[in-house]
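Chain by chain, the residues run as shown.
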Amino acid sequence: MNQGAKQLIKDIFVFSMGTVMTKLIQFLLMPLYTSSLTTEAYGAAELVNNLAEFFYPILTLSAFEAVLRFLVGKEYGEKTIATAGLKLMILSAGGGIVLFSLIDYPYTTQLFWITYTYALKTMLSFFVRGKGYSKLFASSGIINAICLAGFSVLFLVIADFGTNGYLYAIGLSYLCTSVYLIAAGKIYRDIDLRIRCRPALAEMLRFSAPLILYNIGYWLINMSGRYVLLLFTSYSVVGMYIAVMKISSVINMFQQALYAALQLNNSRMFSHKEREKYYSDIFNAYAVIALTAGGWILCFSPILVKFTLKNEFYAGHIYIPVVLLTALIECIFSFYKTLYTACKKTRRALPSMVIGTLVNLLLCMMFVPMLEIWGVVLASLISTLFQIIYRIWDVRHFVRMKVCWVRLIPGFVGIGVQTVLLTTSWNQTILPAVIAICLTVYFFFAYFRGLLQSLIKSGALHVRSGKQNIKING
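Basis of the calculations
Residues numbered from 1 in each chain as written. Predicted model: local features only at pLDDT ≥ 70, side-chain atom pairs only at ≥ 80, totals over all residues. Heavy atoms only, no water. Helix = DSSP H or I, 4+ residues; strand = E, 2+ residues; numbered from the N terminus. Contact = heavy atoms within 4.5 Å. Areas by Shrake-Rupley, 256 points an atom, 1.4 Å probe, with all protein chains shown as cover. Phe/Tyr/Trp six-rings, centres within 6.5 Å; stacked < 30°, edge-to-face > 60°. Buried < 20%, exposed > 50% of the residue type's maximum accessible area, 1.4 Å probe, protein only. Lys NZ or Arg CZ within 6 Å of the ring centre and 35° of its normal. 1 Å grid on protein atoms, 1.4 Å probe; cavity = no way out; pocket = protein on both sides within 12 Å on 5 of 7 lines; lining within 4 Å. Points joined across faces, edges and corners; volume = space filled by probe spheres on them. Nonpolar A, V, L, I, M, F, W, Y, C, P; charged D, E, K, R; others polar. Salt bridge = Lys/Arg side-chain N within 4 Å of Asp/Glu carboxyl O. Core = buried A, V, L, I, M, F, W, Y, C linked by side-chain atoms within 4.5 Å. Axes fitted to C-alpha atoms, helices over the stretch in contact; angles between N-to-C directions. Parallel < 35°, antiparallel > 145°, perpendicular 65-115°, else oblique. Left-handed = near helix turned anticlockwise from the far one by under 90°.

Draft legend 1. A look at the overall build of the protein. A tally of regular secondary structure across the protein gives 17 helices and 2 strands. For the protein, long-range pairs separated by at least 24 residues make up 84% of all intrachain contacts whose partners lie at least 6 apart in sequence. Per element, the accessible surface of the protein, about 21300 Å² overall, is 67% carbon and sulfur.

Draft legend 2. Here's a closer look at the packing of aromatic side chains. The full count for this structure, using the stated rule, is 28 aromatic pairs. Their ring planes at 65 degrees and their centres at 6.1 Å tell us that Tyr105 and Tyr107 sit as a pair that is edge-to-face. Exposure remark for Tyr105: the relative accessible area of 24% places this residue in the partly exposed category. Between the aromatic rings of Tyr118 and Tyr174, the centroid separation amounts to 5.0 Å while the plane-to-plane angle is 50 degrees, which identifies the pairing as tilted. Remark: Tyr174 occurs in helix H7 (residues 162–184) and Tyr118 occurs in helix H5 (residues 108–130); sequence separation between them is 56 residues. Among the aromatic residues, those joined into a ring-pair cluster are Phe54, Phe55, Phe100, Phe112, Tyr116, Trp219 and Tyr227. Directly above the aromatic system of Phe126 lies the positively charged group of Arg129, at a separation of 4.8 Å from the ring centroid.

Draft legend 3. Main features of the layout of surface pockets. Considered as a void within the structure, the second largest pocket measures approximately 220 Å³ in volume. Taken together, 14 residues line the second largest pocket, and the ones lying closest to its centre are Ala82, Leu86, Leu124, Ile187 and Ile191. Contributions of two or more residues to the lining of the second largest pocket are made by helix H4 (78–101) and H5. Per-element accounting of the lining of the second largest pocket gives the leading share, 5 residues, to H4. Among the residues making up the lining of the second largest pocket, the classes are represented as 13 nonpolar, 1 polar and no charged.

Draft legend 4. Examining the pattern of salt bridges more closely. All chains considered together, the criterion is met by 5 salt bridges. Put simply, Lys337 and Glu330 hold a salt bridge, and the shortest N to O gap is 3.1 Å. A single burial state applies to Lys337 and to Glu330, both of which are buried. The salt bridge partner of Asp394 is Arg348, with a shortest N-O separation of 2.7 Å. With Asp394 in helix H15 (residues 373–395) and Arg348 in the loop between helix H13 (320–342) and helix H14 (349–371), the pair connects residues that are 46 residues apart, well separated along the chain. Residue Arg348 is classed as partly exposed on the basis of its relative accessible area of 32%. Taken together, the salt bridges that share partners define one network made up of Glu78, Lys131 and Asp190.

Draft legend 5. View of the environment of Thr357. Within the fold, Thr357 resides in helix H14. When sequence neighbours within four positions are dropped, the list of residues in contact with Thr357 reads Gly217, Leu220 and Ile221.

Draft legend 6. Looking closely at the nonpolar core. Within the largest apolar cluster, 132 residues are counted, with the highest numbers of intra-cluster contacts made by Tyr33, Tyr42, Tyr166, Phe283 and Met401. Element by element, the count of residues in this core is highest for H13, at 16 residues. For Tyr166, the contacting residues outside a window of four places in its chain are Tyr33, Leu37, Tyr42, Ala45, Glu46, Leu156 and Lys246.

Draft legend 7. A look at the packing of helix H11 (residues 275–299) against helix H16 (residues 405–423). At a minimum axis separation of 10 Å, H11 and H16 run at an interaxial angle of 15 degrees. Taken together, the axes of H11 and H16 lie roughly parallel to each other. In the packing of H11 onto H16, the handedness of the crossing is left-handed. In this structure, H11 uses Phe283, Asn284, Ala287, Val288, Leu291, Gly294, Gly295, Leu298 and Cys299 to contact H16, whose residues at the interface are Leu408, Gly411, Phe412, Ile415, Gln418, Thr419 and Leu422. Among the residues making up the contact of H11 with H16, the classes are represented as 10 nonpolar, 6 polar and no charged.

Draft legend 8. Quick peek at unusual backbone geometry. Positive phi, close to 50 degrees, is recorded for Lys186, a residue that is not glycine. Among the secondary structure elements, Lys186 is positioned in the loop between H7 and helix H8 (198–232). With relative accessibility at 36%, the residue Lys186 sits in the partly exposed group. Phi is positive for Glu372, which is not a glycine, with a value near 55 degrees. Along the chain, Glu372 turns up in the loop between H14 and H15. What makes Glu372 partly exposed here is its relative accessible area of 38%.

That is the geometry; function is a separate question.
This is the structure in structure tokens:
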């Protein structure tokens, strides 16, 4: 168990280095985007990018998830899985050409370009993660961000290509990252077209098939609001909303690193006899850290907004606190999502996604005509809460986790109050900062002191009576 925790901390550190650097560069690019593009041009470009995220799990059958899980589980050899993944990508590209040729859309070529460069990068990234190349996976994120920055400056500032320049910069950054992963990870050595990989591919697809619907649902929850917004408003409003959502990358950058590490580590610990205690301890500590960090991020959000949202985009600052709250909640409870793949219960992940998708679409259609951007923001928050409630109930059927709700709920209440204050005229006061400080102090005494006491009771820390020295076991 100690080894598992040590490996998790190591993975979190490595993934965080890559993810934080990646998101930091993307965050720094926001002033470039919001000053080089109009809200209309930015909205049109991002909608194409979002459509690519919708198509790629369908066209690749979400096999990238199976590549990671089966490499960790070692059911098949690395060459078998790599070859199966390559053959699937080739067949998928052929099907994609046929599909996109039938779509009547102004940006069809760009859509195909981004869909398959992103699909290739994702498949390769999951492969190196499954092989245990955590540092390579993290560094590939940095390479992607640096390339995105370079191509963005080239196509938006120097060449002034507008929407097309933004889209080609994204695709080229994905392609460069894929080349880096293939070369640095020597993935070409794992490809052997003579290997018979049909049985492995069939089992991998049985695992990943339910995740196709899951990923579609995930896209609908996160992206469908943009298209509903476009239905009732304009590209300009959509562009402002997307720019606002980009601010949540401050939280997402940690969420992605933690999710990647937890997904890998929870899969490794699946066969351990004390896995339930391990999962419980990790989640409680993870939630405490996330709530504390989230309080401080919310506290400094007005400063982040002034730095990132330029010109006409700045009007969207009012939505930032609720957007960050939603991202924080999703970040904390993404832990439950990793348990579905770790325990190979991918089919059970579908109902929560269906619930979240239906609630989100229904509320968007109800709220957007009256509230516009506020309608999408509130629909996203409510649908996320519905999903989380279901997952907490459902995961109990195959993993008995002991969550310290008594200690965590006050933290959630504090974050909620802080969000309300920042959304109203109170955002210029010192109260949000006071709440952030109180959250930090509360969790230190309520959780970490309790953790120390439990270690003393369990005998992990022994104090010899009558002596000054302390002996620590393991």
